[in-house]
Amino acid sequence: MGLTASSLNLTQYDIEDVQQHCDGKFTSREIQALYARFRSLDKRHKGFLTEDELMAIPELAISPLAPRIVQMFQNQNFKDFVKMLSALSPRASRDDRLRFMFQCHDVDRDGEIARSDLETMTRHLVGSSVSEEDFNALIHRAFEDLRAMRAERADAREGSARGVAFDEFRRALSAVDRTLPTVRVPVDDDA
Amino acid sequence: MPVDDADAGARRSSGDQSARTPQPSESINRFAFDSFGEGDIEREQVERVTPGIELERQAERTRSTHEREEVLPRLLDCSGVLQDACAAIVDDSFNRCFQEAVEEPWNFNFYLFPLWWLGWLIRHGILFPLRLAFILSASAAFTVSFFFSHYVTPREWGWERKCVELYAAAFVVSWTGVIRYHGPKPSRGGQRGGVVYVSNHTSMIDYLVLTQVSPFAVIQQKHRGWVGLLQRTAMNAIDCIEFNRTDIQDRHKVTERLKQHVADKSRLPLLIFPEGTCVNNKYCVMFKRGAFDLGVDVVPVAIKYNSLFVDAFWNSRRQSFSRHLCKLMSSWAVVADVWYMEPQRQREDETSIEFAERVRTMICKRAGLKAVPWDGMLKYYRPSPRECESRRKAFASTLMNGLK
């Protein structure tokens with residue numbers, strides 16, 4: 001099994017392995033291209049990407065969500081890196097994409113977007129351009145909306161589940177009828 | 001000497017920005033054209049429209065039709081930001097276009113190792129000093145002969161041009177340039193002016209490689225040091241146009257001078273590197289419109305360096321030009337192919353952007369480069385934290401509107 005950092009090229013076996021791991025969301029050529037990319041980012045060929053290496057991508061570093069995205073992608077081996085990205089492949093379903101976005105919001109990874117998660121994410125997204133009162137009002141309104149949505153469906157969840165669960169997340173975004181993020185892997189002819 | 005950028009004339013009418021419909025499949029394409037017209041001279045800070053921003057704007061347009069708006073979906077929907085961030089993980093323009101090739105020594109086994117060291121010693125111990133001595137004496141000879149021709153001989157004799165041409169040839173010799181020229185070379189006597197040569201850009205040595213065949217006038221970024229000195233003296237004498245990339249006033253002047261230059265047939269043919277920056281000779285970034293707005297024929301020139309001995313890419317932010325030359329002089333040879341292609345004229349049904357794109361495609365195909373929809377200016381105007389802040393502001397303001 002050659003998916004250590006030392007292997008220069010992927011064997012057919014490796015590629016199939018990775019493909020299986022990401023449910024065939026990427027073609028073998030895309031996986032090869034991703035591997036080349038991964039290796040070029042992984043400066044010392046450790047087999048995973050560190051925070052610094054990810055932040056060295058200028059166009060990522062300027063993203064408002066850079067800290068969170070880096071958190072999601074750092075210290076992952078190639079297989080998991082591809083698995084993570086596969087949610088955004090052109091072949092991924094809307095649900096896959098939504099789940100990726102949900103994961104992104106779920107900062108503490110407890111399966112629901114709690115108030116603290118939403119606060120962290122919103123801070124990233126709006127920066128310092130919103131006053132403290134407005135910020136609190138926003139979060140408050142968001143949870144009011146959540147309550148309203150639950151009341152509408154008359155399935156008021158128990159007190160234990162306070163955050164946004166995935167199906168609620170999906171429902172909330174069902175109104176957002178538009179293209180969700182898609183990542184295209186550039187397949188080089190010389191790859 | 002050389003050479004950069006002629007985006008001076010590039011100005012995008014903001015009208016066509018909203019004219020196209022934002023089909024998802026088209027958004028990539030639009031992004032290309034948006035970043036294309038970057039030379040919006042009035043604004044110094046260039047606005048980049050990424051696919052993610054495009055997504056957000058699109059959302060904003062559809063949103064305004066709704067009556068009541070919930071805050072929760074808005075807070076949860078960060079797809080525009082995610083789009084750009086994740087796309088950057090998979091691929092980013094900077095690493096693609098401006099990264100030097102890592103030189104991997106081929107001394108990895110026991111019988112190659114002594115050979116490699118022998119080669120290294122010859123290159124650095126023998127070839128380099130010889131070449132350095134050669135180029136220094138050529139420089140001395142050039143200085144003397146240039147001042148003579150500049151102050152003594154009349155301009156019509158064209159001795160200055162000859163000096164520059166020979167000096168360029170001396171440079172090419174100093175790195176044992178093995179340059180194969182294909183296609184009809186620019187004529188020396190007859191047609192001058194009234195035509196623009198455009199080429200892909202890898203290093204300032206592009207200019208030397210082309211000028212040793214026939215001298216060109218070139219649009220160039222101002223440099224400092226000995227390069228700047230050459231620019232202010234020799235290059236100016238042969239009608240090169242220099243400007244400062246970051247100075248808006250300069251850009252205006254360049255547009256005017258470009259027009260004057262091509263109108264005057266007695267001047268040297270104009271050479272423009274519409275990429276506006278050095279790219280690593282594997283990719284080709286978007287062309288600036290300046291060269292294609294002049295209403296004259298455009299001769300595409302494709303330059304492909306063979307990376308077998310040395311990577312000819314000049315990473316101007318990491319290396320001074322002198323160091324770059326030293327690197328070239330301590331390699332075995334600089335091998336390159338130059339193709340002069342069929343002159344192109346703007347078609348009637350074609351905008352200058354489309355014309356530029358067509359010429360770019362020709363050059364890429366000929367030189368085996370990959371055309372990428374990125375703007376070379378990103379090398380200088382690094383995506384700044386300001387861009388991040390402005391994005392946050394935009395996000396916040398739509399949110400606050402939703403609150404009211």
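What counts, and at which threshold
- Residues numbered from 1 in each chain as written.
- Chains lettered and ligands numbered in written order.
- Predicted model: local features only at pLDDT ≥ 70, side-chain atom pairs only at ≥ 80, totals over all residues.
- Heavy atoms only, no water.
- Helix = DSSP H or I, 4+ residues; strand = E, 2+ residues; numbered from the N terminus.
- Buried < 20%, exposed > 50% of the residue type's maximum accessible area, 1.4 Å probe, protein only.
- Contact = heavy atoms within 4.5 Å.
- Pairing = 2+ DSSP bridges.
- Axes fitted to C-alpha atoms, helices over the stretch in contact; angles between N-to-C directions.
- Core = buried A, V, L, I, M, F, W, Y, C linked by side-chain atoms within 4.5 Å.
- Phe/Tyr/Trp six-rings, centres within 6.5 Å; stacked < 30°, edge-to-face > 60°.
- Lys NZ or Arg CZ within 6 Å of the ring centre and 35° of its normal.
- UniProt positions renumbered as here; feature names shortened; annotations may be inferred.
- Buried area = accessible area lost by both parts, 1.4 Å probe.
- Salt bridge = Lys/Arg side-chain N within 4 Å of Asp/Glu carboxyl O.
- Parallel < 35°, antiparallel > 145°, perpendicular 65-115°, else oblique.

**Comments concerning the overall build of chain B**
Broken down by element type, chain B carries 14 helices and nine strands. When each of the 404 residues of chain B is scored for burial, the buried share is 58%. Within chain B, contacts between residues separated by at least 24 positions form 80% of all contacts whose residues are at least 6 apart in sequence.

**What to know about helix 12 (residues 321–329) of chain B**
Residues Phe321(B), His324(B), Leu325(B), Lys327(B), Leu328(B) and Met329(B) constitute the buried set of helix 12 of chain B. Contacts from the buried residues of helix 12 of chain B go to helix 7 (112–151), helix 8 (159–174), helix 9 (205–211), helix 10 (225–237) and strand 8 (334–340) of chain B.

**Thoughts on the sheet that holds strand 7 (residues 297–306) of chain B**
Hydrogen bonds along the backbone pair up the strands of a sheet, which may run parallel or antiparallel. Residue and element names in this part refer to chain B. Strand order across the open sheet formed by seven strands is 1-8-7-2-5-3-4, with mixed pairing between neighbours. Whereas interior strands pair on both sides, the edge strands pair on one side only; in this sheet they are strand 1 (177–182) and strand 4 (241–243). Each neighbouring strand pair of the sheet contributes to a mean axis angle of 25°, computed without reference to strand direction. Pairing between strand 2 (residues 195–199) and strand 7: five bridges, direction parallel. Within strand 7, the residue paired with valine 195 across the bridge is aspartate 297. Strands in contact with helix 10 are strand 3 (217–221) and strand 4; relative to strand 3, the strand with the most contacts, it is inclined by about 160°. Seen against the sheet, helix 11 (residues 248–263) touches strand 2, strand 3, strand 4 and strand 5 (270–272) and runs at an angle of roughly 170° to strand 4.

**Considerations on the nonpolar core**
Trp175(B), Val198(B), Ile205(B), Tyr207(B), Phe292(B) and Val338(B) are the most contacted members of the largest nonpolar core, which has 88 residues in total. The element that contributes the greatest number of residues to this core is helix 8 of chain B, accounting for seven residues. Every residue in contact with Trp175(B), bar those within four places of it in the chain, is listed here: Arg131(B), Ile205(B), Leu208(B), Val209(B), Leu325(B), Leu328(B), Met329(B), Ala333(B) and Val334(B). Ile31(A), Phe78(A), Ala87(A) and Ala142(A) belong to the second largest nonpolar core, which has 69 residues in total.

**With respect to the packing of aromatic side chains**
For the coordinates displayed, the defined rule picks out 25 aromatic pairs over all chains. Residues Trp314(B) and Phe321(B) carry aromatic rings whose centres are separated by 5.2 Å and whose planes lie at 65° to one another, so their mutual orientation is edge-to-face. Residue Trp314(B) shares its accessibility class with Phe321(B), and that shared class is buried. Here a set of aromatic residues connected by ring pairs shows up, and it is made of Tyr35(A), Phe38(A), Phe73(A), Phe78(A), Phe81(A) and Phe100(A). Cation over ring: Lys46(A) sits above Phe48(A), and NZ or CZ is 5.2 Å from the ring centre.

**Brief notes about the UniProt feature "domain: EF-hand" (unreviewed entry) in chain A**
Residues and elements named next belong to chain A. In the numbering used here, UniProt assigns the "domain: EF-hand" (unreviewed entry) feature to residues 29–64 and 93–128. Within residues 29–64, the helical portion is 61% and the strand portion 0%, while the C-alpha atoms at the span's ends are 31 Å from each other. Here residues 93–128 is 67% helix and 0% strand, with 35 Å between the C-alpha atoms at its ends.

**Points about the side chain of Arg123(B)**
Here Arg123(B) lies in helix 7. Those residues in contact with Arg123(B) that lie beyond four places of it in its chain are Phe128(B), Ser330(B), Ser331(B) and Trp332(B).

**Description of the interface of chain A and chain B**
On the side of chain B, 50 residues touch chain A, which itself brings 55 residues to the contact. Here chain A meets chain B over a buried area of about 4600 Å², counting both sides, of which 68% is carbon and sulfur. Connecting chain A to chain B are zero salt bridges. Looking at the side of chain A that touches chain B, the elements with two or more residues in it are helix 2 (28–41), helix 4 (58–61), helix 5 (66–73), helix 6 (78–86), helix 7 (94–105), helix 8 (115–126), helix 9 (132–153) and helix 10 (166–174) of chain A. No other element matches helix 9 of chain A, which puts eight residues into the side of chain A that touches chain B.

**Description of the packing of helix 7 of chain B against helix 12 of chain B**
Residues and elements named next belong to chain B. Relative orientation of the contacting elements helix 7 and helix 12 amounts to 130°, with a least axis distance of 9 Å. Judged by the angle between their axes, helix 7 and helix 12 are oblique. Packed against helix 7, whose contacting residues are Phe128, Arg131, Leu132 and Ile135, the element helix 12 presents Cys326, Leu328 and Met329 at the interface.

**Some details on unusual backbone geometry**
Even without being glycine, Asp23(A) reaches a positive phi, approximately 55°. Looking at the secondary structure, you find Asp23(A) in the loop between helix 1 (12–21) and helix 2. In this structure Asp23(A) comes out as exposed when scored by relative accessible area, which is 56%. One non-glycine residue, Asp239(B), lies in the positive phi region at around 70°. Mapped onto the elements of the fold, Asp239(B) is located in the loop between helix 10 and strand 4.

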